[in-house]
Amino acid sequence: MLTSAILVALVATLSTWWVSHLLTRTWLYPIMSGFMTALALGEPMVGMQAAAYINLAYLGWMTVGGTMPGNLMVASVFGTAMTVLSGADPSTAVVFAVPFSLLGILSWQGYMTINSIWVHMAEDMLNKGNITGMRLMNYVPSFFVSFILNGIPAFCLVYFGTEFMKEFLEVIPTHLVSAFEVIGGIMPALGITMLVSFLGKKHLMPFFFLGFLVAAYFELSIMGIALFAIVIAVIKSGKDFIASDDQAAPQK
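This section reports on the structure supplied with the text. Model, not experiment: these values are computed from the prediction. (Residues numbered from 1 in each chain as written. Predicted model: local features only at pLDDT ≥ 70, side-chain atom pairs only at ≥ 80, totals over all residues. Heavy atoms only, no water.)

Our focus in this paragraph is the overall build of the chain. On a plain count of helices and strands, the chain comes out with 11 helices and zero strands. Reading the chain from its N terminus to its C terminus gives the helix and strand order α-α-α-α-α-α-α-α-α-α-α. For the chain, buried positions account for 33% of its 252 residues. At a minimum sequence separation of 6, the contacts of the chain that also span at least 24 residues come to 69%. (Helix = DSSP H or I, 4+ residues; strand = E, 2+ residues; numbered from the N terminus. Buried < 20%, exposed > 50% of the residue type's maximum accessible area, 1.4 Å probe, protein only. Contact = heavy atoms within 4.5 Å.)

Structure, rendered in structure tokens:
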């Protein structure tokens, strides 16, 4: 169990650390990070099923404008681990994942706040011409911050069992959890508002409202709207390309 606890702690740490963005962001999602967690626990099939249910609940998960409606990395690792360790049905994985996701908002804010210290230290070293020290500050300290905030709790969950984490969650005041839920509900609206402020151009806004109206009145899925958007984008880009060619053509 010690080996499994260490491996799960590493998955939880690396899921938040910058290396998870180095080649691909796919392992930020439960279908990948949950699978690695289950693999470390020796139950890959059960873990994959649990991760799939968690992933389904977070299909629309977006961190728009710096906002975070939930910590998906924490939800996937801890939710999958809780499901496997408790022997629960994989379909109930979301029940375990959601509380950790909301609590993970706080750990994420702490992670980003603490890491801002290393940014200022890196700037000071850069001003002194210490390139090696600047790179060190950018890459290394954030690992230990993620390990403390994510890795150690994941280790405790696996090594000491699910009862330890259940007791930990019960210690958290109910009003604090409710506050996280309210914040999690507001943040997506705030993120969309910030996104609109960046896209607030006259020639783009009709497409934004078109997508909203299609979703509201025709009840199309996000995937269906995305496919229509791709077709419209291809048609519009083709027309713009033809128009630019016509303008560039020499006049006879």
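Any pair of aromatic rings gets described here by the distance separating the centres and the angle formed by the planes. All told, the structure shown has nine aromatic pairs when counted by the stated rule. Taking 5.0 Å as the distance between ring centres and 45 degrees as the angle between the ring planes, the aromatic pair formed by W18 and Y139 counts as tilted. Of this pair, W18 sits in the loop between α1 (2–16) and α2 (30–40) while Y139 is found in helix α6 (residues 131–139), placing the two residues 121 residues apart along the sequence. Residue classification places W18 among the partly exposed positions, given a relative accessible area of 31%. (Phe/Tyr/Trp six-rings, centres within 6.5 Å; stacked < 30°, edge-to-face > 60°.)

Running from amino to carboxyl end, α2 crosses helix α4 (residues 72–86) at an angle of 40 degrees, the nearest separation of the two axes being 8 Å. Here the hand of the crossing between α2 and α4 comes out right-handed. Facing P30, S33, G34, T37 and A38 of α2, the residues of α4 in contact are L72, S76, V77, T80 and A81. For the contact of α2 with α4, the residue count by class is five nonpolar, five polar and no charged. (Axes fitted to C-alpha atoms, helices over the stretch in contact; angles between N-to-C directions. Left-handed = near helix turned anticlockwise from the far one by under 90°. Nonpolar A, V, L, I, M, F, W, Y, C, P; charged D, E, K, R; others polar.)

Compared with the 20 Å implied by 1.5 Å per residue over 14 residues, the 20 Å span of helix α3 (residues 44–57) between its first and last C-alpha is a close match. Along α3, the residues that are buried comprise G47, A50, A51, I54 and N55. Seen along its axis, α3 keeps its buried residues to an arc of 140 degrees; they face one direction. Opposite its buried face, α3 presents the exposed residues M45 and L56, each directed more than 90 degrees away. For α3, the elements touching its buried residues are α2, α4 and α5 (93–127). (Expected span 1.5 Å × (residues − 1). Arc of directions from axis to C-beta.)

Let's shift gears to the nonpolar core. One finds V8, L41, V77 and F78 to be the most contacted residues of the largest nonpolar core, which totals 17 residues. Those elements that place two or more of their residues in this core are α1, α4, α5 and α7 (141–160). Ranked by residues supplied to this core, first place goes to α4 with six residues. In this structure V77 touches V8, V11, A12, S15, S33 and T37, once residues within four positions along its chain are discounted. (Core = buried A, V, L, I, M, F, W, Y, C linked by side-chain atoms within 4.5 Å.)

Of the residues making up α2, those classed as buried are P30, S33, G34, T37, A38 and A40. Looking straight down α2, one finds that the buried residues subtend no more than 160 degrees of arc, so they occupy a single side. Where α2 is buried, its residues touch α1, α3 and α4. Among the residues trailing α2, G42 stands out with phi positive, at a value near 80 degrees.

Moving on to the side chain of S33. Along the chain, the position of S33 falls in helix α2. Here the side chain of S33 touches S76 through a polar contact of 2.8 Å, side chain to side chain. (Polar contact = N/O pair within 3.5 Å; in protein donor to acceptor, adjacent residues only side chain to side chain.)

Another point: a nonpolar patch on the surface. On the surface, a cluster of nonpolar side chains totalling about 680 Å² of accessible area is made up of M1, L2, I6, L7, L10, Y159 and F160. Elements represented by at least two residues in the nonpolar patch include exactly α1 and α7. Looking at the nonpolar patch element by element, the count peaks at four residues for α1. Positionally, L10 belongs in helix α1. (Patch = residues over 30% accessible without salt bridge, like charges linked within 9 Å, V, L, I, M, F, W, Y side chains within 5 Å. Areas by Shrake-Rupley, 256 points an atom, 1.4 Å probe, with all protein chains shown as cover. Salt bridge = Lys/Arg side-chain N within 4 Å of Asp/Glu carboxyl O.)

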